[in-house]
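Observations on the model geometry
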Amino acid sequence: MRKILYLFIICFHFSCTHAQTFVGSWKGEVEVSGQKLLLVFNIQKDSTGKWNGTFESPMQTAQKFAINKIRIEHDSIWMDVMNIGLLYAGFLDRDKDVMKGVMKQGPFESAMILVRSENEQSGLSRKQDVFPPYSYTEEEVSFRNSAGNAFLTGSLTYPKNGGPFPAVVLVNGSGQQNRDSEVFGHRPFKVLADHLTKNGFAVLRYDDRGVGGSKGEVNLATTIDFASDANAAVDFLSKKAVVDVDKIGMIGHSEGALIAEIVASENSKVNYIALLSGPVIKGDSLLILQSYALGKAGGLSEAALQTNKANNRKLYTILSEDEPPKVLAGSLEKELIQQNNGNPLTPDMKIKLSPMMSPWFRTFLRIDPAYYLKQVKVPIFASFGGKDVQVPANENIYCLQHLHLNTTDVIIKDYPNLNHLFQNAQTGKIEEYFENSESFNEQLMDDLTKWLKLKTN
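Being a predicted model, the structure only gives us computed values, none of them experimental.

Moving on: the overall build of the protein chain. Each helix and strand in the protein chain was counted, giving 12 helices and 17 strands. A compact globule built from 457 residues would reach a C-alpha radius of gyration of about 23 Å, and the protein chain, at 22 Å, matches this within 12%. Expressed along its principal axes, the backbone C-alpha trace of the protein chain runs to roughly 70 × 50 × 40 Å. Taking all 457 residues of the protein chain together, 57% fall into the buried category. By sequence separation, contacts in the protein chain at least 24 residues apart represent 67% of the contacts at least 6 residues apart. Of the roughly 19,100 Å² of accessible surface on the protein chain, 50% is carried by carbon and sulfur atoms. Charged side chains of the protein chain number 48 positive and 51 negative; the gap between the two group centres comes to 1 Å.

As a further point, take the pattern of salt bridges. Evaluation of the coordinates by the stated rule reveals 19 salt bridges. Between Arg-179 and Asp-207 there is a salt bridge, with its nearest N and O atoms 2.7 Å apart. Separated by 28 residues along the polypeptide, Arg-179 in the loop between β12 (165-171) and α1 (188-198) and Asp-207 in the loop between β13 (202-206) and α2 (223-238) bring together distant segments of the chain. In this structure, Arg-179 and Asp-207 share a single accessibility class: buried. Put simply, Arg-313 and Asp-284 hold a salt bridge, and the shortest N to O gap is 3.3 Å. Placement of Arg-313 in helix α5 (residues 302-319) and of Asp-284 in helix α4 (residues 283-297) is noted, with a sequence separation of 29 residues between them. Among the ionic contacts, a cluster of salt bridges with common partners joins Asp-129, Glu-138, Asp-180, Arg-187, Lys-190 and Arg-205.

The subject of this paragraph is the sheet that holds strand β14 (residues 243-253). Taking strand neighbours across the sheet as the criterion, the eight strands line up as β10-β11-β13-β12-β14-β15-β16-β17 in an open arrangement whose pairing is mixed. Every other strand in the sheet has two partners, leaving β10 (137-145) and β17 (410-415) as the edge strands with one partner each. Between one strand and the next, the sheet's axes are offset by a mean angle of 20°, whatever the strand orientation. Where strand β15 (residues 272-276) and strand β16 (residues 380-385) come together, four bridges link them in parallel fashion. Counted as the bridge partner of Ile-273 is Ile-380 from β16. Contacts between α1 and the sheet are confined to β10, β11 (150-158), β12, β13 and β14, with β13 contributing the most and set at about 165° to the helix. α2 contacts β10, β11, β12, β13 and β14 of the sheet and is inclined by roughly 125° relative to β10.

For the pair α1 and helix α12 (residues 442-456), interaxial distance at closest approach is 11 Å and the crossing angle is 45°. When the axes of α1 and α12 are compared, the pair comes out oblique. Relative to α12, α1 is oriented so that their crossing is right-handed. In contact with Val-191, Leu-192, His-195 and Leu-196 of α1, α12 contributes Met-445, Asp-446, Leu-448, Thr-449 and Leu-452. By residue class, the composition of the contact of α1 with α12 is six nonpolar, two polar and one charged.

Residues with a pLDDT of 70 or more make up 91% of the protein chain, whose mean pLDDT is 88. Across residues 1-19, confidence stays below pLDDT 50; counting only partners more than four residues off in sequence or on other chains, it has 85 contacts.

Attention shifts here to the packing of aromatic side chains. The final tally for this structure, using the stated rule, is 12 aromatic pairs. Ring geometry for Phe-41 against Phe-55: centres 5.0 Å apart, planes inclined by 55°, an arrangement best described as tilted. With Phe-41 in strand β2 (residues 35-45) and Phe-55 in strand β3 (residues 51-56), the pair connects residues that are 14 residues apart, well separated along the chain. Relative accessible area serves as the criterion here: at 0%, Phe-41 is assigned to the buried category. Of the aromatic side chains, those joined through ring pairs into one cluster are Tyr-316, Trp-360, Phe-361 and Phe-364. When the ring centre of Trp-78 is taken as reference, the NZ or CZ atom of Arg-71 above it lies at 4.0 Å. Over the face of the ring belonging to Tyr-292 we find Lys-309, whose NZ or CZ atom lies 4.8 Å from the ring centre.

Close contact between α4 and helix α8 (residues 359-366) brings their axes to 5 Å; oriented N to C, the two are set at 100°. Here α4 lies roughly perpendicular to α8, going by the angle between them. Counted together, Gly-283, Asp-284, Leu-286 and Leu-287 of α4 and Phe-361, Phe-364 and Leu-365 of α8 form the full contact between these two elements. The residue inventory of the contact of α4 with α8, partitioned by class, reads five nonpolar, one polar and one charged.

What counts as what
Residues numbered from 1 in each chain as written. Predicted model: local features only at pLDDT ≥ 70, side-chain atom pairs only at ≥ 80, totals over all residues. Heavy atoms only, no water. Helix = DSSP H or I, 4+ residues; strand = E, 2+ residues; numbered from the N terminus. Rg over C-alpha atoms; globule rule 2.2 N^0.38 Å. Buried < 20%, exposed > 50% of the residue type's maximum accessible area, 1.4 Å probe, protein only. Contact = heavy atoms within 4.5 Å. Areas by Shrake-Rupley, 256 points an atom, 1.4 Å probe, with all protein chains shown as cover. Lys, Arg positive; Asp, Glu negative; His and termini not counted. Charge placed at Lys NZ, Arg CZ, Asp CG, Glu CD. Salt bridge = Lys/Arg side-chain N within 4 Å of Asp/Glu carboxyl O. Pairing = 2+ DSSP bridges. Axes fitted to C-alpha atoms, helices over the stretch in contact; angles between N-to-C directions. Parallel < 35°, antiparallel > 145°, perpendicular 65-115°, else oblique. Left-handed = near helix turned anticlockwise from the far one by under 90°. Nonpolar A, V, L, I, M, F, W, Y, C, P; charged D, E, K, R; others polar. pLDDT = per-residue confidence, 0-100. Phe/Tyr/Trp six-rings, centres within 6.5 Å; stacked < 30°, edge-to-face > 60°. Lys NZ or Arg CZ within 6 Å of the ring centre and 35° of its normal.

So this is what it looks like as structure tokens:
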């Protein structure tokens, strides 16, 4: 199962699962033949305690289909829409408003994340989306990362007249995403590329490994491997005639910001970097902060939050040990049984353990962004959202302000009302990503563009 755009974390708090509920409208999207489809599950529980609901695919038909069978055990759910042969199996994440699972229909099978919605309306408003014809040139491109044995496809946009132009590479956050950084119907990198190109920049955005035409090892890949891809993107951009080789920079979101730091610390072709919700705190500590913020936004008590924090710290300490996978898995299971009041883990709980053993997760726990930031010698633009519950602003800003950097050309911007995706938000909770019509805050785009022009004039 692929990771969602936000940093993938796992938090076990077995004592809380019975209080969680599946009642409500759940929305998600799945890609079929290159097209993103919105799917909606409306789940109810009648006065007799029986579960029922409806399913709809509003982009295909206005018809609603009955969910014929709903089975729920603790935090896991199985749904069967017999009329169209559709099955969904998933579980509530540590944020009770997010469900992770797999959808099957005939031979088609796909991981799918569902987000609790405040209403059953299935229409989506994406006021900032961008469509052709464009006032600039868009070129389909591809390049190889020989060092990482990967082949990447993407889009290069640049003004129709003039040149060579200052240029930037856009780097996605965690999880396999397309060149537009598309999630829940939003295409923030498409919106940002459009804005920057109209302001005189060449912009390269590319599909992550395993997405679109991009190829390469995904299951065993780590942040370091994805940084290698981004490094290849910078090298590719430096060879384009429309690009001013002395004015190349990088813009990364979330884990993509960390990747920009890694590349900028090694590749002299990078002349400036912009970090959007970029982690500054070491991976394991960041995930604990993130889990706390998400749990608090989800309504967990302070006692439960502190218990989760202590439990997660124990798990991450085990995962940081240099032991063979089988030994680590055994140690994890032993610790989780203890956290589960001595009760043996169910098969469902064991399935949830597997992502923690992935090379990506174990590597991310150990990565300290400060190590790379201290080696960066180029100008830095760092922006954070005050409503961000995934890369909490206050702690990461504090850490960045107290680093002894190799550059004094640093600007830190705090946007109090923006969430992790840089949308205006009420709480910052993940379900707001879906409902929000804003894809990328215009004030941030304007501030970023002004800074980029200042650094490239």
